[in-house]
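Chain and residue survey
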Amino acid sequence: MFRFEADQSVRVEELTDDTIIAIANAESKQAVIITSRAKRRLLEYYRRLGKPKRFAPHVFSAGLALMILNSNFRVDEIVIDIEYPGYETEIIDLLKKHFSRLLVYFSVIGKKSPAHFVAYGVHKGKIKPDFSVGFDEILAVINKK
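Residues numbered from 1 in each chain as written. Predicted model: local features only at pLDDT ≥ 70, side-chain atom pairs only at ≥ 80, totals over all residues. Heavy atoms only, no water.

Before going further, it helps to spend a moment on the packing of aromatic side chains. If you walk through the whole model with that rule in mind, you get five aromatic pairs. When the centroid spacing of 6.5 Å and the interplanar angle of 80° are considered together, the rings of tyrosine 45 and phenylalanine 135 count as edge-to-face. Here the residue tyrosine 45 occupies a position in helix α1 (residues 36-49), and phenylalanine 135 occupies one in helix α5 (residues 135-142), the gap between them amounting to 90 residues. Like tyrosine 45, the residue phenylalanine 135 is buried in the burial classification. Plain terms: the ring middles of tyrosine 46 and phenylalanine 55 are 6.3 Å apart, the flat faces sit at 65° to each other, and that makes the pair edge-to-face. Here the two residues tyrosine 46 and phenylalanine 55 agree in accessibility, since each one is buried. By way of ring pairs, the aromatic residues Tyr45, Tyr46, Phe55 and Phe135 are connected into one cluster. Residue placement shows arginine 41 over the ring face of phenylalanine 135; its charged tip is 4.0 Å from the ring centre. We note arginine 74 situated over the ring of phenylalanine 2; from NZ or CZ to the ring centre the distance is 4.1 Å. (Phe/Tyr/Trp six-rings, centres within 6.5 Å; stacked < 30°, edge-to-face > 60°. Helix = DSSP H or I, 4+ residues; strand = E, 2+ residues; numbered from the N terminus. Buried < 20%, exposed > 50% of the residue type's maximum accessible area, 1.4 Å probe, protein only. Lys NZ or Arg CZ within 6 Å of the ring centre and 35° of its normal.)

The following block contains the structure:
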């Protein structure tokens with residue numbers, strides 16, 4: 001299957017805990033951790049730019065892009081849980097920098113989604129994450145031209 005769902009556990013703007021972003025479908029799953037330390041540094045970076053409101057949607061989409069880039073999955077379509085209303089275009093634009101043919105949809109995916117199960121499972125320590133990303137990796141994805 002080439003269609004995946006995406007969800008997060010612990011929102012990016014919650015700086016005291018790591019954020020887990022997961023993509024999954026019935027056959028495959030992957031999860032990435034964005035450390036709380038990296039999130040605090042990224043927020044400071046966005047504050048210096050004068051764009052603190054864009055911090056969370058940009059970091060979320062960069063984490064999603066890194067996960068797809070580091071996976072062995074062929075992702076043709078992705079359904080993203082509605083996390084940042086009003087920033088859908090920016091999320092799509094960042095993803096399209098790396099995956100020009102990716103079809104991106106937004107929907108309420110719910111607690112029965114395989115992506116929710118993976119993200120929450122990693123957050124609770126029941127599932128191991130595939131990898132962790134930090135400040136430099138996120139910033140490189142965000143700043144790619």
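Read on for the rest.
Attention now goes to the sheet that holds strand β1 (residues 3-9). With respect to topology, six strands assemble into an open sheet ordered β5-β4-β1-β2-β3-β6, the strand pairing being mixed. With one partner strand each, in any of the chains shown, β5 (103-107) and β6 (131-133) form the two edges of the open sheet. Averaged over all pairs of adjacent strands, the angle between strand axes in this sheet comes to 25°, irrespective of strand direction. As judged from the four bridges shared by β1 and strand β4 (residues 77-81), these two strands associate in the parallel manner. The partner of glutamate 5 across the bridge, within β4, is valine 79. (Pairing = 2+ DSSP bridges. Axes fitted to C-alpha atoms, helices over the stretch in contact; angles between N-to-C directions.)

Turning our eyes to something else, we now look at the pattern of salt bridges. On inspection of all chains with the given rule, the structure shows six salt bridges. Glutamate 90 serves as the salt-bridge partner of arginine 54, at 3.0 Å between the closest nitrogen and oxygen. Here the residue arginine 54 occupies a position in the loop between α1 and α2 (55-70), and glutamate 90 occupies one in helix α3 (residues 88-98), the gap between them amounting to 36 residues. The class of glutamate 90 is partly exposed, set by a relative accessible area of 22%. The salt bridge partner of arginine 74 is aspartate 76, with a shortest N-O separation of 3.1 Å. Each member of the salt-bridge network shares a partner with another, and the members are Arg11, Glu13 and Glu83. (Salt bridge = Lys/Arg side-chain N within 4 Å of Asp/Glu carboxyl O.)

A word on the side chain of glutamine 8. In this fold, glutamine 8 is placed in strand β1. A distance of 3.2 Å separates polar atoms of two side chains, one belonging to glutamine 8 and the other to glutamate 83. At a separation of 3.1 Å, a polar atom in the side chain of glutamine 8 contacts the side chain of tyrosine 84. Setting aside residues up to four positions removed in sequence, glutamine 8 forms contacts with Thr19, Ile20, Ile21, Phe60, Glu83, Tyr84 and Ala119. (Polar contact = N/O pair within 3.5 Å; in protein donor to acceptor, adjacent residues only side chain to side chain. Contact = heavy atoms within 4.5 Å.)

Coordinates in, geometry out; function isn't part of it.
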